[in-house]
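# Survey of secondary and tertiary structure
Each chain is listed here by its residues.
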Amino acid sequence: MTVPSIDLSAAAVETQAVHAGERAGIGHATPTVNAIHLSTAFSYPDTAELDDVFSDPRKGYVYSRHGSPNVQALEEAIATLERGGGAVAYGSGMAAINAAITHAAGPGDTVLASRDIYGAVYATLTTHFRKYGVQTEFVDIRDLDAVRAQAERLNPAAILVESVSNPLLRVADIAAVAGIAHDAGALLIVDNTFATPIVSRPLDLGADLVVHSTTKFISGHGDVTGGMIVTSAERTPVIREENRIAGAIPSPFDSWLSLRGVKTMPLRMREHCRNASAVASWLADDPRVAAVNYPGLNGPLPDGQFHDGLRGAMLSFDIAGAGREQVFAFLDNLSLIQSATTLGDVYTLALYPAISSHRGYTPEQRHEIGIGDGLVRLSVGIEGIQDILTDLDVALTAATGRTR
Ligand SMILES: Cc1ncc(COP(=O)(O)O)c(C=O)c1O
């Protein structure tokens, strides 16, 4: 169990990130950093005590699928940062999203989801959940009148949105969508992966469940796969119980690595955001680029949703007149920036949605959402800004045959 040496609830986010979940005691000593407990099971001096812990998971650990020290430490840290009553960790972001939808909806129910959403989430809704009797309708989440009309018509069990969407960086007005969801008796599930709790905290704005791919900015170094649901103190034990039998848990070592990443997340996010904002402005001024998607660049943002002037580290842009061939040339001529299917690492990463995150869509479906053939997504890292811009410049020249 974590030694509750400091009350972190009122502390600064930087303090919470460094201390939350840490200092799990071992006997009389308290390590400054948690040990990694790989043990599958935990024994007790007598069976009565084991029986007692079995009956109440808050009293200790019995079997690692039910809970284990490093997983619990990470859950505590993310719950603190998202200002939730509790959190449940998963082996991937998709496991967390599947668990959140399973929690909210059953056979005969409908989910109302944002049309602009990560491709694997679209796929699980339209294949897996459809197979088990959960229907999904999609809506442009920026059109609040349409969201309200659909919610009133469908009576959905849940509304599912990304706080900042993948890959078009569209911003959902969380407070407004939460109001619509609750009027319709639906739970609001928000994927906060792109924003992180450093940029936005959807629970404060009325969301019921926040999900994360902790693979991304939370872990931050490209060496972990994980996910998280953060929710109220009342809902957490229910969701934990659901995962006790579903078994989609992360490993202790991955959880330890993620908690290590959490400590620097506030600092990393500030640098990520500063660089991303500079890259967005630089691209917006480049005649070889037709459009740039970055929160706040093309219009106002919902009040109170983005903290401390931070807009996130993700952006996407259309290379003017480009198709697959030019985008391939762009990616193949990057040298500092890595062309890889992930985001949220300390290094800058580029991705072509048409062949990766949204590969499962037909070209017509992609175009309907606004994902053009020349669209490139960037996860801006914490390298020196001039090095990132130089790399982009060289690759854009190679892709378009034109200089800036
Ligand atoms: C916004 C978003 N949510 C969820 C996921 C799924 O996360 P994971 O790959 O950890 O399962 C991703 C993956 O890229 C994502 O971009």
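See above for the structure.
Residues numbered from 1 in each chain as written. Predicted model: local features only at pLDDT ≥ 70, side-chain atom pairs only at ≥ 80, totals over all residues. Heavy atoms only, no water.

## Regarding the packing of aromatic side chains
Selection criterion: The aromatic pairing rule takes the rings of Phe, Tyr and Trp, using the six-membered ring of Trp, and pairs them if the centres are within 6.5 Å, calling planes under 30 degrees apart stacked, those over 60 edge-to-face and the rest tilted. Numbering goes from the N terminus for both helices and strands, where a helix is a DSSP run of H or I of at least four residues and a strand is a run of E of at least two. To sort residues, take the accessible area from a 1.4 Å probe on protein chains only and compare it with the maximum for the residue type: under 20% means buried, over 50% means exposed, and anything in between is partly exposed.
All chains considered together, the criterion is met by six aromatic pairs. Centre to centre, the rings of Tyr 122 and Tyr 361 are 4.7 Å apart; their planes meet at 35°, and the pair counts as tilted. Linking Tyr 122 in helix 5 (residues 119-131) with Tyr 361 in the loop between strand 11 (349-351) and helix 12 (363-369), this pair joins segments that are 239 residues apart in sequence. Here Tyr 122 and Tyr 361 have matching classes, each one buried. Clustering of aromatic rings is evident, with ring pairs tying together Tyr 122, Phe 138 and Tyr 361.

## Quick notes on the pairing of strand 3 (residues 135-139)
Taken residue by residue, a regular strand's side chains alternate between the two faces of the sheet. The condition is simple: The pairing criterion is simple: DSSP has to find at least two bridges between the two strands. Look down the strands so they point away from you; if going from the first strand over the helix to the second traces a clockwise path, that crossover is right-handed.
Relative to strand 3, strand 2 (residues 110-114) runs parallel, the two sharing five bridges. Bridge pairing in strand 3 links Ser 114 to Val 139. Note on the crossover from strand 2 through helix 5 to strand 3: the handedness is right-handed.

## Focus on the sheet that holds strand 5 (residues 187-191)
The strands that make up a sheet are held in pairs by hydrogen bonds between backbone atoms, and each pair lies either parallel or antiparallel. For clarity, the cut-off: Helix axes are fitted to C-alpha atoms over the stretch in contact, other axes to C-alpha atoms as well, and angles between N-to-C directions run from 0 to 180 degrees.
If you walk across this open sheet you meet the seven strands as 1-7-6-5-4-2-3, and the pairing is mixed. In this open sheet, the two edge strands, each paired with only one partner strand, are strand 1 (86-90) and strand 3. Across the sheet, the mean angle from the axis of one strand to that of its neighbour is 20°, orientation sign disregarded. Relative to strand 6 (residues 209-213), strand 5 runs parallel, the two being bridged by three bridges. Residue pairing across strands places Asp 191 opposite Val 211, the latter belonging to strand 6.

## Structural notes on the pattern of salt bridges
Stated precisely, the cut-off is as follows: Salt bridges are defined by distance alone: a side-chain nitrogen of Lys or Arg within 4 Å of a carboxyl oxygen of Asp or Glu.
One pass over the structure, following the stated rule, counts 14 salt bridges. The residue Arg 153 makes a salt bridge to Glu 137 at a minimum N-O spacing of 3.9 Å. Here Arg 153 is found in helix 6 (residues 144-154), whereas its partner Glu 137 is found in strand 3, with 16 residues between them in sequence. Residue classification places Glu 137 among the partly exposed residues on the basis of a relative accessible area of 32%. A cluster of three or more residues bridged by salt bridges with shared partners is formed by Asp 286, Arg 288, Asp 393 and Arg 404.

## Focus on the site of the ligand
Applicable threshold: For each residue, the test is whether any non-hydrogen atom lies within 4 Å of the molecule or strand; if one does, the residue is near. Residues adjacent in sequence count toward polar contacts only when both atoms are side-chain atoms; beyond that, a polar contact is any pair of N or O atoms within 3.5 Å, and within protein one must be able to donate a hydrogen and the other to accept it. Each accessible area is a Shrake-Rupley estimate made with a 1.4 Å probe; only the visible protein chains count as cover when residues are assessed.
Lining the immediate surroundings of the ligand are 15 residues, of which Gly 93, Met 94, Asp 191, Ser 213 and Thr 215 lie closest. Here a nitrogen atom of the ligand and a side-chain polar atom of Asp 191 are 2.6 Å apart. Within the side chain of Ser 213, an N or O atom sits 2.8 Å from an oxygen atom of the ligand. In the complex, the protein chains occlude 90% of the 390 Å² of accessible area that the ligand would expose alone.

## Considering the nonpolar core
Formally: Here, nonpolar core means buried Ala, Val, Leu, Ile, Met, Phe, Trp, Tyr and Cys residues that are tied together by side-chain atoms lying within 4.5 Å of each other. Between two residues, a contact is recorded if the distance between any of their heavy atoms is within 4.5 Å.
Counting 83 residues, the largest nonpolar core has Leu 188, Leu 283, Phe 317, Phe 330 and Leu 378 as the members making the most contacts within it. When residues in this core are grouped by element, the largest group, 10 residues, is from helix 10 (residues 252-284). Each residue touching Leu 283, except ones within four places of it in the same chain, is listed here: Val 289, Val 292, Leu 315, Phe 317, Leu 378 and Leu 396. In terms of nonpolar packing, the next biggest core, distinct from the first, is built from 33 residues, Ala 100, Ala 113, Val 211 and Leu 375 among them.

## Side note on helix 5
Rules: Every helix has an expected span of 1.5 Å times one less than the residues it contains. The quantity called bend is, for any residue, the angle between two axes fitted respectively to the seven residues ending at it and the seven beginning at it.
Between its first and last C-alpha, helix 5 extends 18 Å over 13 residues, near the 18 Å set by a 1.5 Å rise per residue. Of all the bends in helix 5, the largest measures some 30° and sits at Leu 125. Lining the buried residues of helix 5 we find helix 4 (93-104), strand 2, strand 3, strand 4 (158-162) and helix 12. Looking one or two places after helix 5, you find Gly 133, whose phi comes out positive at around 90°.

## Considering the environment of Val 224
The residue Val 224 is located in the loop between strand 6 and strand 7 (227-231) in this model. Sequence-wise, Val 224 and Val 238 are 14 residues apart; in three dimensions their C-alpha atoms are separated by 26 Å. Ignoring sequence-local partners within four residues, the contact set of Val 224 consists of Thr 215, Ser 219, Asp 254, Leu 257 and Ser 258.

## Some points on the environment of Arg 359
By secondary structure assignment, the location of Arg 359 is in the loop between strand 11 and helix 12. For Arg 359, a relative accessible area of 58% translates into the label exposed. A C-alpha to C-alpha distance of 33 Å links Arg 359 and Arg 260, two positions 99 residues apart in sequence. Not counting chain neighbours up to four residues away, the residues in contact with Arg 359 comprise Pro 353, Ala 354 and Arg 366. A polar contact of 2.9 Å, which involves the side chain of Arg 359, links it to the backbone oxygen of Ile 355.

## Some thoughts on unusual backbone geometry
At the junction of Asn 166 and Pro 167, the peptide bond is cis and its omega measures out at 10° in the coordinates. For Pro 167, the position within the fold is in the loop between strand 4 and helix 7 (174-183). In the Ramachandran plot, Asn 155 falls in the positive-phi region, its phi being about 50° despite a non-glycine side chain. Mapping Asn 155 onto the fold places it in the loop between helix 6 and strand 4. Residue class for Asn 155 comes out exposed when judged on its relative accessible area of 57%. Backbone geometry places Asp 308, a non-glycine residue, at a positive phi of 55°. Within the element layout of this structure, Asp 308 appears in the loop between strand 8 (289-293) and strand 9 (314-319). With relative accessibility at 70%, the residue Asp 308 sits in the exposed group.

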